[in-house]
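Structure assessment
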Amino acid sequence: MVRDVLEPLTASIQRWVTAVDQASLTLRANPMRTVLGALATGVAVAAIVIVSAALDGVALFARRTSERAFGANTFLLAQVASPGRVTRRQLEEQLRRNPPLTRSEARYLDRLSGDMVTYAPSAQATSEVAYRSNVFENAAVTGTTASLAELRDLGIGRGRFFLEQEERTGAQVAVIGADVAESLFPGIEPLGQAVRIAGRGFDVVGVQDRLGNTGGASQDRYVWIPLIAYERAFGSPRTLQIFGKTTGQRPSVVGEDRARASLRARRKLGPGVEDTFDLLTPEAARDFVQRLAEQISLAAWPISLMALLAAIVVVTNTVLVSVTQRTREIGVRRALGASRRAITEQVLAEAALTALAGGAAGVLLAVGLVAGLAAALELPVSVRASTLCWGIVASTMAGVLAGWYPARRATRLDPVDAMRIE
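Given the structure is predicted, the values throughout are model-derived calculations rather than measurements. Just so you know, the residues in each chain are numbered from 1, in the order the chain's sequence is written. Selection of residues for local features in this predicted model requires a pLDDT of at least 70, selection of side-chain atom pairs for listing and counting requires 80 or more, and totals for whole chains, interfaces and linings are taken over all residues. Calculated side-chain values reflect all of the structure's heavy atoms, with hydrogen atoms and water omitted.

A closer look at a positive patch on the surface
Together, Arg-107, Arg-111, Arg-266 and Lys-268 give the surface a local cluster of positive charge. Numbering of helices and strands runs from the N terminus; a helix is a DSSP stretch of H or I covering at least four residues, while a strand is a stretch of E covering at least two. Among the secondary structure elements, Arg-266 is positioned in helix H9 (residues 252-266). Taking relative accessible area as the criterion, Arg-266 reaches 32% and is therefore assigned partly exposed. To count toward a patch, a residue needs a relative accessible area above 30% and no salt bridge. Like charges then connect within 9 Å, nonpolar side chains (Val, Leu, Ile, Met, Phe, Trp, Tyr) within 5 Å. The method behind every accessible area is Shrake-Rupley, applied with a 1.4 Å probe, and residues are considered shielded solely by the protein chains displayed. The term salt bridge refers to a side-chain nitrogen of Lys or Arg lying within 4 Å of a carboxyl oxygen of Asp or Glu. Just so you know, the count uses Lys and Arg for positive and Asp and Glu for negative, and it drops His and the chain ends. The atom standing in for a charge is NZ when the residue is Lys, CZ when it is Arg, CG when it is Asp and CD when it is Glu. Residue exposure (1.4 Å probe, protein chains only): buried if accessible area is under 20% of the type maximum, exposed if over 50%, otherwise partly exposed.

A short note on the pattern of salt bridges
In this structure the tally under the stated criterion is 13 salt bridges. Here Arg-97 and Glu-274 are joined by a salt bridge, their closest N and O atoms 4.0 Å apart. In this pair, Arg-97 is assigned in helix H3 (residues 88-97) and Glu-274 in the loop between H9 and strand S12 (278-280), connecting sequence segments 177 residues apart. Residue Arg-97 is classed as partly exposed on the basis of its relative accessible area, which comes to 25%. Measuring nitrogen to oxygen at the nearest pair gives 3.6 Å for the salt bridge that ties Asp-115 to Arg-250. Residue Asp-115 is located in the loop between helix H4 (103-112) and strand S2 (117-131), and its partner Arg-250 is located in the loop between strand S11 (241-246) and H9; the two are separated by 135 residues in the primary sequence. Classification of Arg-250 as partly exposed rests on a relative accessible area of 31%. Salt bridges sharing common partners tie together Asp-179, Glu-182, Arg-210 and Asp-220.

Some thoughts on H4
The α-helix advances 3.6 residues per turn, and as a result positions three or four apart in sequence lie on the same side. All buried positions along H4 are accounted for by Glu-105, Ala-106, Tyr-108 and Leu-109. The buried residues of H4 occupy one face: seen down the axis, they fall within an arc of 160°. Between two residues, a contact is recorded if the distance between any of their heavy atoms is within 4.5 Å. Residues of H4 that are buried make contact with strand S1 (74-78), S2, S11 and H9. Taking the helix axis as origin, the arc is that swept by the directions to the C-beta atoms.

Have a look at this one:
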């Protein structure tokens, strides 16, 4: 029984080895035609691989920027957490329904957090920041607590974030963003220098690395100061934003549920009553970039598939020309006893080898381009191994599809008529 299975399999393998060998000889004999077919496939496969890597890069960018601007697994409680994502009417309705978040509510949440949630209330104002005659306008001065450094990746490149003791005493210390540092201290070390904010002096204890933009807003124009010092400089904030993060290994939803239940209890909201505050989760914070990635993919994938379709057409034409030029040869082989299957296998092998060579070249080109762009943009974007495999498989399948019509035409040739062609 084993022999009955092995013999046909061995014969089939031998036929395909012969077909591949003959196809490779044909391709080497016609280098220009082979290069054109492989080039079309290579460009298509490179486009597919680059699109896949670009979409992976957008997803990575979404995660990193949201972690910098929002925090990984961090949620936000606010009167209105996402004003830019609602209509004007919805915003007016939320402002009317949701009262401001106060310091007493922040303290209440902290008391009820136990060991489940870490909170960091914050308030923000736009202000000038000055050092001697240098002035940085429209800085986002944010008053917060020392615990914010536990919740978010603030990217402190030099120095440190302010300490809990400095927070409690309202010490006039500041952590500044990259744009603020470069504008106020060109060629000077900012650490230890004193800047003026709202007429008060603040010692610079930390400088952030360059963080770039998130959702069109620069993350490099921030100045971070203790919340008590902020209240001295700008007065009590109208409302707070309260960042929260589940502690330990608990799922983030545990902390979100605890925060929602605590604030509802504080505001005496009964069952079925709508929340009078906004709670923004990390997933919601990444929605904008994710939607952007989806929009890019909607346009990019059809373009890539069209490129692959064009490659199939080019390979089909090159193999069809090869079949036409070898009409007499195919007729002689058929007259000498070559089967239709053998002719079909050789033509398909020729198309598949052309596409495979192009696919391999396209993959190498795409990997090089992605690596170069990643180095230039300083993003750890790379091509996944699964994408490379998929690109090779797609090119080979495209070659088989491209060879189907020429193979069908070759097998329909009448041996006598084909032998008459000079």
